[in-house]
Amino acid sequence: MTADRRRPDHRSDHRSDRHPVRPGDLRHVVTHLITPLLMCIGMGLAYLGAFADPSPHHLPVAIVGTGTHAQVLAQTINDTAHGELEARTVPDRATAVGQLKNQEIFGAYLAGGNQANGTGTGTGTTDRAALSRNGDAHHGPELLVATAGSDTSATVVQKIFTPLAARQGAPLTVTDIAPTAAHDPTGQGIFFLLVALSIGSYASVAVIGGAGAVLPMRIRAALATGTSFVVAVIGTLFAGPVFHLVDHGLWALWGMAWLYSAGILLLGTGLHIFLKRWTTLGVMVLFVMLNFTSSGGIFRPEMQNGFFAALHSFWNGAGFVEGTRSHVYFDGHGLAGHVWTLAGWLLVGMLMVAAAALTEQRRRTAEAEAVANAGAVAAAAVAATMPERAPGRTPERAAARPTAQRDSETEEEMEEAVGV
């Protein structure tokens, strides 16, 4: 009996080590799971909606020639394409090259011989003098593309015109008038540079908006601007000396990278005042789900549905991708418009910071007035009743609770943003 009484009760020890699960703790975890689940839904809808079933929508192409054959061929393509292609005729090869470099078209087909220029009698003989005058001296069918504008669009155009050349009984010659950099054969390196710049920018928003919440808004705005400089430098180093995606014009690339990053950081910093812990989800919707999918880095808008094609016309990611392409590969054609797009987003970010500063000032003024009123009421009550102070409930501890709670929320938000 004595030995039994001395034997330790391990079952009792195990029971004492277990902590009961409080409903509030479980509810806290489930509430925080809402954000990643919404991200899952949003990413699925955005990426699959934009990339799952790419097909041309009014993709502009050209038939080189001025004769009846070129006009009939263009009309036949339009009639049979059912809105996938928009074929036009151009008089000569030089005009087609110019439109490709201006990204007005994404492929130009030269049938070869007299058919390309409308010369001869249609018997298949070649008027070499006319071909030479028009810069079209070739013997078989030729397709002009510009892979720097979009490798996927060039591939689609090639698949369309290859069977057409085969019916002429000659192999199709593909000429790339704007090839990509040697170390970026698909031209998609610019898109992945966009991804790196975006992650560096929107992940910094949670740190500046969360951990920097105790700082004045002007200091947070300065931090956001400074961080964007650093992010742009990192991106430029990746594009230039590290991976050689861009072999010239790095200063201009840095300028566009800074405009892009600063717009995200300032807009996100301002939004943090209104969205709080939902800021991470908000910036991911703006600068990942809608941004990457509409940037044109993988598929141009002519290969996407109307929603993402419309976003491409004014979204900041499209401004950076198309601006970089224009600067690096197309002699700056259309560059000013893309820079203005980036500048517009930066302006929106500055306005958002200003609105957030005013809102935060009003909130703090209201909180100060509420604290002052509560303090006056409490002082009057204490003076009237003089109750004994409860242990562990000093005013200092009571005031510290909101701060600790805010710190916990800030830490959770930053962990969530960095984890994503």
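Conventions we followed
- Residues numbered from 1 in each chain as written.
- Predicted model: local features only at pLDDT ≥ 70, side-chain atom pairs only at ≥ 80, totals over all residues.
- Heavy atoms only, no water.
- Pairing = 2+ DSSP bridges.
- Helix = DSSP H or I, 4+ residues; strand = E, 2+ residues; numbered from the N terminus.
- Axes fitted to C-alpha atoms, helices over the stretch in contact; angles between N-to-C directions.
- Buried < 20%, exposed > 50% of the residue type's maximum accessible area, 1.4 Å probe, protein only.
- Lys, Arg positive; Asp, Glu negative; His and termini not counted.
- Salt bridge = Lys/Arg side-chain N within 4 Å of Asp/Glu carboxyl O.
- Polar contact = N/O pair within 3.5 Å; in protein donor to acceptor, adjacent residues only side chain to side chain.
- 1 Å grid on protein atoms, 1.4 Å probe; cavity = no way out; pocket = protein on both sides within 12 Å on 5 of 7 lines; lining within 4 Å.
- Points joined across faces, edges and corners; volume = space filled by probe spheres on them.
- Nonpolar A, V, L, I, M, F, W, Y, C, P; charged D, E, K, R; others polar.
- Phe/Tyr/Trp six-rings, centres within 6.5 Å; stacked < 30°, edge-to-face > 60°.

S.K.: I keep staring at the sheet that holds strand E4 (residues 142-145) and nothing clicks. Help me out?
M.R.: Note on sheets: strands pair through backbone hydrogen bonds, and any given pair is parallel or antiparallel. With mixed pairing, five strands are arranged side by side in an open sheet as E2-E1-E3-E4-E5. The open sheet terminates on both sides in strands that have one partner only, identified here as strand E2 (85-90) and strand E5 (173-176). The average undirected angle you get between the axes of adjacent strands in this sheet is 25 degrees. Bridging between strand E3 (residues 108-110) and E4 involves three bridges; their strand directions are antiparallel. Directly across from Ala-108, in E4, lies its bridge partner Leu-144.

S.K.: Any chance you could explain the side chain of Asp-92 here in plain terms?
M.R.: Here Asp-92 is to be found in the loop between E2 and helix H5 (93-101). Buried and unpaired, Asp-92 has Arg-93 as its nearest opposite-charge partner, separated by 9.3 Å. Here the side chain of Asp-92 touches Thr-95 through a polar contact of 2.7 Å, side chain to side chain.

S.K.: Looking at this structure, how should I read empty space enclosed by the protein?
M.R.: The probe, sized like a water molecule, is rolled over the atoms to show the empty space still left. Summed over the entire model, instances satisfying the criterion amount to two cavities of 30 Å³ or more. Roughly 50 Å³ of volume is contained in the largest cavity. Forming the boundary of the largest cavity are Thr-147, Ala-148, Gly-149, Ser-150, Asp-151, Thr-152, Thr-186, Gly-187, Gln-188, Gly-297, Ile-298 and Arg-325. The residue inventory of the lining of the largest cavity, partitioned by class, reads two nonpolar, eight polar and two charged. Of the volumes computed, that of the second largest cavity is approximately 40 Å³. Taken together, Leu-100, Gln-103, Ile-105, Phe-106, Ala-146, Gly-149, Ser-150 and Phe-330 make up the lining of the second largest cavity. A breakdown of the residues in the lining of the second largest cavity according to their chemical character gives five nonpolar, three polar and no charged.

S.K.: How should I be thinking about the packing of aromatic side chains in this particular structure?
M.R.: In this description, an aromatic ring pair is defined by two values, namely the gap between the centres and the angle between the planes. A complete count under the given rule lists 14 aromatic pairs for this structure. For the pair Phe-229 and Trp-258, a centre-to-centre distance of 5.2 Å together with 45 degrees between the ring planes defines the contact as tilted. Residue Phe-229 is found in helix H9 (residues 217-242), and its partner Trp-258 is found in helix H10 (residues 250-275); the two are separated by 29 residues along the sequence. Taken together, a centroid distance of 6.4 Å and an interplanar angle of 75 degrees make the contact between Trp-251 and Trp-254 edge-to-face.

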